[in-house]
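Secondary and tertiary structure notes
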Amino acid sequence: GVNTMEAIEIKEILREILGEVKNDSVLSPEQASEFLGINLNKIYELCHADDFPSARIGRKWVIIKDELIKWILEEGKKQKQEERALTAQLFRRSG
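Along every chain, residues carry numbers that run from 1 in the direction the sequence is written. Residues qualify for local features only when their pLDDT is at least 70, as the model is predicted, and side-chain atom pairs are given and counted only at 80 or more; totals for whole chains, interfaces and linings, by contrast, use all residues. With hydrogens and water set aside, each side-chain value is computed from the structure's full complement of heavy atoms.

Secondary structure is summarised from DSSP: a helix means a run of H or I of at least four residues, a strand means a run of E of at least two, and numbering begins at the N terminus for each. Within the protein chain, the secondary structure is distributed over 4 helices and 3 strands. The helix and strand sequence of the protein chain, counted from the amino end, reads α-β-α-α-β-β-α. The reference for a compact globule is 2.2 Å times residues^0.38; the radius of gyration itself is calculated from the C-alpha atoms. Over its C-alpha trace the protein chain gives a radius of gyration of 18 Å, far above what one expects of a compact globule, namely 12 Å for 95 residues. Considered along the principal axes of its C-alpha atoms, the protein chain spans approximately 60 × 30 × 25 Å. Burial classes: relative accessible area under 20% of the type maximum marks a residue as buried, over 50% as exposed, and values in between as partly exposed (1.4 Å probe, protein chains only). Evaluated residue by residue, the protein chain yields a buried proportion of 21% over its 95 residues. Sequence-distant contacts, at least 24 apart, represent 48% of the contacts inside the protein chain between residues at least 6 apart. A total of about 7600 Å² of accessible surface is found on the protein chain, and carbon and sulfur atoms cover 52% of it. Positive residues here are Lys and Arg, negative ones are Asp and Glu, while His and the chain termini are left out of the count. Note on charges: their place is set at NZ of Lys, CZ of Arg, CG of Asp or CD of Glu. When the 15 positive and 17 negative side-chain charges of the protein chain are each reduced to one mean point, those points stand 6 Å apart. Two residues qualify as a contact provided that any one of their heavy atoms is within 4.5 Å of a heavy atom in the partner residue. Methods summary: accessible areas were calculated by the Shrake-Rupley approach with a probe of 1.4 Å, and residue burial reflects only the protein chains presented.

See below:
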């Protein structure tokens, strides 16, 4: 786990990074929900996933918009690959 000093250092680093990022580049969960058109609860669920581009600062979650767009594109690629693999399996079984 992360000890208290590490957690404080991580928070300070994130504050510095986010201070340098333009405000419109960082989304709150509410803004991300509106941007993606999905339920706010789903956004909070995604924030806990390792590969979702979010960070927790204190009690607030922030989502980096550019990274979110990249994540969406990657998820789309994964889904297409999974669909192709499933289709191939179905054809092999029926053929």
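We now examine the environment of Ser33. Relative to the assigned elements, Ser33 resides in helix H2 (residues 29-36). Each C-alpha atom of the pair Ser33 and Ile43 lies 6.3 Å from the other, and the pair is 10 residues apart in sequence. In this view, Ser33 contacts Ile38, Asn39, Leu40 and Ile43; residues no more than four positions away in its chain are not counted.

Time to look at the nonpolar core. Leu27, Ala32, Ile43, Leu46, Cys47, Phe52, Trp61, Ile63, Leu68 and Trp71 form the largest nonpolar core, which has 10 residues in total. Of all the secondary-structure elements, those providing two or more residues to this core are helix H3 (40-47), strand S3 (60-64) and helix H4 (65-94). Considering every element that reaches this core, the biggest residue donor is H3, with 3 residues. In contact with Leu27, not counting residues within four places along its chain, are Ala32, Phe35, Trp61, Val62, Ile63, Lys65 and Leu68. Definition used in this section: a nonpolar core is a set of buried Ala, Val, Leu, Ile, Met, Phe, Trp, Tyr and Cys residues joined via side-chain atoms within 4.5 Å.

Remember, this is a structural readout, not a statement about activity or role.
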